[in-house]
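# Structural description and commentary
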Amino acid sequence: MKTKLLLVPGLAGFLMGCTLTGTDSLNKVAPAPAFIPENKPITKKEENLPIKAPKAATCIAFADFRAQEAASKDRPALQRQQLQEDARKAYQQALEIERDNLQALVGLARLYVQMEDFQHAQSTYELAAKMHPKKGGVWFELGMLHARKKDWKQSLEYLTRAVELEPENRQFLNNYGFTLARSGNFEESLKVFLRTNEPSKARYQVARMMNHVGRNDEARELLTKALAEKPDYPEAIELLSTLGK
C-alpha cells in the first residue's frame, strides 16, 4: 500500500478547491488526481459556468497523496511538516463536505499518529467509532493507539470490540492476544492464540511476551510444553536456550 509517489508540479494548484484502512475498507487509498495544466485557456462558455465545489473523494485523494509523501524519512523535516499540513487541511475539508466520511476520518487519525499528535489521533478515532460503530477496523486501530501509549486496560476494551465484530480476523486476534499477555492476562492470551494457531505455536507466542516482561520461569515452562508437542520447533528451541535453566 505504501507506494512512493512523486510530487506532480502544479497538483496543489489544481486542487486548491481542497484548501491546504476487517481493515480492507479502512486501508483503501484513492489514487492521486490527474494533473490538469493550469495554463489551459478558458473559453467564453467556461467563464459563465459556476465554480463547482470540490468532492470529498477529491480532497481525500489529495490528502492521502500528501500523507504518503510526508511518510518518507528521506525528506527534510520542514518539508514533511508542510506535506502533513497540506494533508490535514484536505482531510478536514473532506469532513466539512461529508462529516461522517470513514476514509477521511481514519486517514486524518493516521496522519495525527504520523505527526505524533496522539491526543488528536485519539479524538478522531473516537469520532470515527461513534459514527461507524460496526466497523471493526476503527476499534482495532483505536485499541492499538492505546497499546502504543501502554494504556493496556483501554486498549483491551477496544480490541475486544474489534474481535467481537470480526471474530475470524487473524490480525485482530493476534494483536489482541499479545496485548492480553503484555497486560499479564496470560491464560486469556493463550485461549486467544489457540483460536488461530496450533497449540505449540500458541504457547510459544505467550512465552515470548512472558520473556519480554521478565516472567522467565513461566516462559520456560510454557516453552517446554510447546516442545513436548513439537520437538523440532526452531523458534521455541532458540528462545528456550536464551532463558537458560
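Notes on the structure in this doc start here. Small disclaimer: the values here were computed from a predicted structure and weren't measured.

### Some thoughts on the packing of aromatic side chains
- Counted by the stated rule, this structure contains four aromatic pairs.
- Ring plane angle 70° and centroid distance 5.0 Å describe the contact between Phe178 and Phe193, whose orientation is recorded as edge-to-face. Of this pair, Phe178 sits in helix α10 (residues 170–182) while Phe193 sits in helix α11 (residues 186–194), placing them 15 residues apart in sequence.
- Note that Arg161 overlies the ring of Trp139, its terminal NZ or CZ placed 4.2 Å from the centroid.
- Sitting above the plane of the Tyr233 ring, Lys230 keeps its charged end 4.9 Å from the centroid.

### Points about the environment of Tyr204
- As for its placement among the helices and strands, Tyr204 is situated in helix α12 (residues 199–212).
- Taking the C-alpha atoms as reference points, Tyr204 and Leu227, 23 residues apart in sequence, are found 9.1 Å from one another.
- If we ignore the near neighbours within four places in the chain, the residues touching Tyr204 are Leu223, Ala226, Tyr233, Glu235, Ala236 and Leu239.

### Thoughts on the nonpolar core
- Ranked by size, the top nonpolar core spans 39 residues in total, and within it Tyr91 and Tyr176 carry the most contacts.
- Counting residues per element, the ones that place at least two in this core are α4 (56–70), α5 (77–97), α6 (102–114), α7 (118–131), α8 (136–148), α9 (152–165) and α10.
- Per-element accounting of this core gives the leading share, nine residues, to α6.
- Counting residues in each nonpolar core, the second largest holds 18 residues, with Phe186, Leu190, Tyr204 and Leu227 among its members.

Reading the values: rules and limits
- Residues numbered from 1 in each chain as written.
- Predicted model: local features only at pLDDT ≥ 70, side-chain atom pairs only at ≥ 80, totals over all residues.
- Heavy atoms only, no water.
- Phe/Tyr/Trp six-rings, centres within 6.5 Å; stacked < 30°, edge-to-face > 60°.
- Helix = DSSP H or I, 4+ residues; strand = E, 2+ residues; numbered from the N terminus.
- Lys NZ or Arg CZ within 6 Å of the ring centre and 35° of its normal.
- Contact = heavy atoms within 4.5 Å.
- Core = buried A, V, L, I, M, F, W, Y, C linked by side-chain atoms within 4.5 Å.
- Buried < 20%, exposed > 50% of the residue type's maximum accessible area, 1.4 Å probe, protein only.

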